[in-house]
Amino acid sequence: MDFNLDETQQEIKGLAADVLAREAAQERLEAFEKSGAPYDDVTWKALAQAGLLGVVLPEDAGGAGLGPVELAVILREVGVRTAPVPAYASLALAAVPIGAHGTAEQRALLAPLTEGATVLTGAYREVGPAGEVAATARADGGGHVLDGVKTFVPYAREASLILVPARVEGGGVGVFLVEPAAVTITEQPSATSEPLSRVALDGVRVGADALLGGTADGAAWDTLRRSAVAGAVAVASGVIEGALELTKEYTKTREQFGRALAQFQAVTMQIGDVYIAKRALDVAVWAGVWRLAQGADDAEEVLTVAAYNACDPVVKALYTCQHLHGGIGLDITYPLHRYFAWGKHCGHLLGGGEDRLDALGALIAQEA
């Protein structure tokens, strides 16, 4: 298995890094956080103008039709810069499943995304273990009636559509395209600047054209679920990369007792621990998205390993980064707090370390 990015992927990575280095610089992030806006529209439009929002969209919607590896490349760069844009919500939670399973009419809804003219999202989480679906969809005439509650939905108010997984009569899971105006949206606390919401479905009626792909065989839900995990671990991979670089530079220049912090053995060992946590996540992320792109049977298992690393070792590594910064690590005028908040957020979204270990054990048991 070759984890080196090919020429196209390297170009995407370089382009995303250049755009975000310019648009998500420290002073720009500080100005955004004071604005109260849900996301940085200027950076969002800049990503669109660079063609990055269309990378994983189908060609008939104006995209390039690329896959999970390219999605991970883009979202990882978003994490490196902690850029406040709805890239994860719009691409991983919405565009990927719509592009893979949508009808021609549903895929056409993705076209405005290539220009940064819309935001999409998906309701991946509910109360309980990650990946569980308790919401229901009852057949009614030619459509369905949806009931249930979704939690931690990013950009629910700002999105033009929310992808809502629900269990239909007979046991299958379908994914429904629901307008935000049809549901009850309640703001939830967020560690980052990203708006999160509780979405309540109380007898929400949708037409036949709202069912993604027109079927409830679980395929669209599988794609959404795996894309949600792949996207979140890619963001987490970028987050720990950015935090490590920041910490390395700080320990090189910060002096204590007449010596740079990096010259102390204890500091070097702790930086080494952070690097090991980062590399372990990196390997699992690239292995997982590569297997996902190949349609490998063990893709979900590898992505679950990546999710565990994002939830546990990487979050602990972020604590270490804060520790090595001393009190300045908690100062909101210093950028490290964003990486810590983003890392914790990814861990919560993925369900937490123990939940991911339980999921991994269940997957291994199925193979036995």
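Refer to the structure printed above.
Residues numbered from 1 in each chain as written. Predicted model: local features only at pLDDT ≥ 70, side-chain atom pairs only at ≥ 80, totals over all residues. Heavy atoms only, no water.

Asker: Would you mind going over the pairing of strand 2 (residues 136–140) in detail, with residue names and values included?
Answerer: The pairing of strand 2 with strand 3 (residues 143–154) spans five bridges and is classified as antiparallel. Each bridged residue has a counterpart across the sheet, and for Asp 140 the counterpart in strand 3 is Gly 143. Connecting strand 2 to the next strand, strand 3, in antiparallel fashion are two residues, including Gly 141 with a positive phi near 65°. As paired strands, strand 2 and strand 4 (residues 161–168) are joined by two bridges and run parallel to one another. Counterpart to Ala 137 in the pairing with strand 4 is Val 168. (Pairing = 2+ DSSP bridges. Helix = DSSP H or I, 4+ residues; strand = E, 2+ residues; numbered from the N terminus.)

Asker: I'd like a description of the side chain of Asp 355, backed by residues and values.
Answerer: Looking at the secondary structure, you find Asp 355 in helix 12 (residues 353–367). A relative accessible area of 16% means that Asp 355 is categorised as buried. At 2.7 Å, the side chain of Asp 355 forms a polar contact with the side chain of Arg 356. Not counting the four nearest positions on each side in its chain, Asp 355 is found in contact with Pro 129, Ala 130 and Leu 350. (Buried < 20%, exposed > 50% of the residue type's maximum accessible area, 1.4 Å probe, protein only. Polar contact = N/O pair within 3.5 Å; in protein donor to acceptor, adjacent residues only side chain to side chain. Contact = heavy atoms within 4.5 Å.)

Asker: With reference to specific residues and values, describe the packing of helix 7 (residues 219–253) against helix 9 (residues 299–311).
Answerer: Orientation of helix 7 relative to helix 9, taken along the N-to-C sense of each, is 40°, at an axis distance of 9 Å. The angle between the axes of helix 7 and helix 9 places the two elements in the oblique class. For helix 7 against helix 9, the interelement crossing comes out left-handed. For the pair helix 7 and helix 9, contact is made by Arg 225, Arg 226, Val 229, Ala 230, Val 233 and Ala 236 and by Glu 300, Leu 303, Ala 306, Ala 307 and Ala 310, respectively. Taken together, the residues of the contact of helix 7 with helix 9 sort by class into eight nonpolar, no polar and three charged. (Axes fitted to C-alpha atoms, helices over the stretch in contact; angles between N-to-C directions. Parallel < 35°, antiparallel > 145°, perpendicular 65-115°, else oblique. Left-handed = near helix turned anticlockwise from the far one by under 90°. Nonpolar A, V, L, I, M, F, W, Y, C, P; charged D, E, K, R; others polar.)

Asker: Quick one: what's the story with the nonpolar core, residue by residue and with numbers?
Answerer: Ranked by size, the top nonpolar core spans 96 residues in total, and within it Trp 44, Tyr 124, Val 233 and Leu 281 carry the most contacts. At 16 residues, the largest contribution of residues to this core is made by helix 7. Aside from chain neighbours lying at most four places away, what touches Val 233 is Leu 281, Val 285, Ala 306, Ala 307, Ala 310 and Leu 350. Counting residues in hydrophobic clusters, the runner-up holds 20 residues, among them Ala 166, Val 168, Phe 176 and Leu 201. (Core = buried A, V, L, I, M, F, W, Y, C linked by side-chain atoms within 4.5 Å.)

Asker: Describe in detail the packing of helix 7 against helix 8 (residues 265–294), supporting the description with residues and values.
Answerer: With their axes 9 Å apart at the nearest point, helix 7 and helix 8 run at an angle of 155° to one another. The orientation of helix 7 relative to helix 8 falls into the category roughly antiparallel. As for the relative orientation of helix 7 and helix 8, their crossing is left-handed in sense. Residues Arg 226, Ala 230, Val 233, Ala 234, Ala 236, Ser 237, Ile 240, Glu 241, Leu 244, Thr 247, Lys 248 and Thr 251 of helix 7 form the contact with helix 8, whose own contacting residues are Val 267, Ile 271, Val 274, Tyr 275, Lys 278, Leu 281, Asp 282, Val 285, Val 289 and Leu 292.

Asker: Quick rundown of helix 5 (residues 87–101)? Include the residues and the values.
Answerer: Compared with the 21 Å implied by 1.5 Å per residue over 15 residues, the 20 Å span of helix 5 between its first and last C-alpha is a close match. Approximately 40° is the largest bend angle found in helix 5, and it occurs at Ala 95, with the proline Pro 97 only one to four residues beyond. Most of helix 5 sits inside the fold, with 12 of its 15 residues counted as buried. Taken together, the buried positions of helix 5 are occupied by Ala 87, Tyr 88, Ala 89, Ser 90, Leu 91, Ala 92, Leu 93, Ala 94, Ala 95, Val 96, Pro 97 and Ile 98. (Expected span 1.5 Å × (residues − 1). Bend = angle between axes of the 7 residues up to and from the residue.)

Asker: Pulling in residues and values, what's your account of helix 3 (residues 41–49)?
Answerer: Turning to helix 3, its buried residues are Thr 43, Trp 44, Ala 46, Leu 47 and Ala 48. The N-terminus of helix 3 is capped by Asp 40, whose side-chain oxygen sits 3.1 Å from the backbone nitrogen of Val 42. Directly beyond the C-terminal end of helix 3, a positive phi value near 85° is found at Gly 51.

Asker: Tell me what's going on with the pattern of salt bridges, and back it up with residues and numbers.
Answerer: Evaluation of the coordinates by the stated rule reveals 22 salt bridges. Where Asp 40 meets Arg 28, a salt bridge forms, and the shortest distance between an N and an O atom there is 3.7 Å. Pair noted here: Asp 40 is in the loop between helix 2 (26–35) and helix 3 and Arg 28 is in helix 2, with a separation of 12 residues, a long-range link. Note on Arg 28: relative accessible area 28%, which makes it partly exposed. Taking the shortest distance from any N to any O, the salt bridge between Arg 226 and Glu 300 comes out at 3.2 Å. Pair noted here: Arg 226 is in helix 7 and Glu 300 is in helix 9, with a separation of 74 residues, a long-range link. Residue classification places Glu 300 among the partly exposed residues on the basis of a relative accessible area of 22%. Sharing partners across several salt bridges, the network here consists of Arg 76, Glu 241, Lys 278, Arg 279 and Asp 282. (Salt bridge = Lys/Arg side-chain N within 4 Å of Asp/Glu carboxyl O.)

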